[in-house]
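So you can see what is in the structure, the chains are spelled out below.
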Amino acid sequence: MSPLRLIFLALAIWGTIHPMYWFITWFVQNEWSLMAMVDAWHANASTTGLVWDLTIAAVALTVFVLVETWQRRRFIGLLAIPATFCIGVSCGLPLYLFLRSRPE
């Protein structure tokens, strides 16, 4: 495996573990309330801006993954879409780059 692929894999793992640690910590403290988390995302203009920034990045990544998958016919890259929306762009993007850089 190339050093670049190892970096992408390490970033995907870090992009999974680090955000999930904070999400789980928050959920434990707030009785696993999803609506309370959504409310917290819109607590002020700064967090609302960050939510929209990440949402737009996730949609852009999804469109890119879909187009690339259609053109290259390498369907394994589709795994990045649920990773993006269930964990975050910090996992989905490096995961897709890792999967895309796999030798054919």
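Scroll up to find the structure.
These figures come from a predicted structure and were not determined experimentally.

### Considerations on the packing of aromatic side chains
This structure, assessed with the given rule, holds four aromatic pairs. The interplanar angle of 5° and the centroid separation of 5.5 Å between the aromatic rings of F27 and W32 together place this pair among those described as stacked. Three or more aromatic residues joined by ring pairs form one cluster here, namely W26, F27 and W32. Positioned over the ring face of W70 is R73, at 4.3 Å from the centre of the ring.

### Quick notes on the packing of helix 1 (residues 3–29) against helix 5 (residues 89–100)
Contact geometry of helix 1 with helix 5 gives a least axis separation of 8 Å together with a crossing angle of 160°. Here helix 5 runs roughly antiparallel to helix 1, going by the angle between their axes. Here helix 1 runs over helix 5; the crossing is left-handed. From helix 1, R5, F8, L9, L11, A12, G15, T16 and P19 reach across to helix 5, where they touch S90, C91, P94, L95, L97 and F98. Its residues assigned to classes, the contact of helix 1 with helix 5 comprises 10 nonpolar, three polar and one charged.

Calculation rules
- Residues numbered from 1 in each chain as written.
- Predicted model: local features only at pLDDT ≥ 70, side-chain atom pairs only at ≥ 80, totals over all residues.
- Heavy atoms only, no water.
- Phe/Tyr/Trp six-rings, centres within 6.5 Å; stacked < 30°, edge-to-face > 60°.
- Lys NZ or Arg CZ within 6 Å of the ring centre and 35° of its normal.
- Axes fitted to C-alpha atoms, helices over the stretch in contact; angles between N-to-C directions.
- Helix = DSSP H or I, 4+ residues; strand = E, 2+ residues; numbered from the N terminus.
- Parallel < 35°, antiparallel > 145°, perpendicular 65-115°, else oblique.
- Left-handed = near helix turned anticlockwise from the far one by under 90°.
- Contact = heavy atoms within 4.5 Å.
- Nonpolar A, V, L, I, M, F, W, Y, C, P; charged D, E, K, R; others polar.

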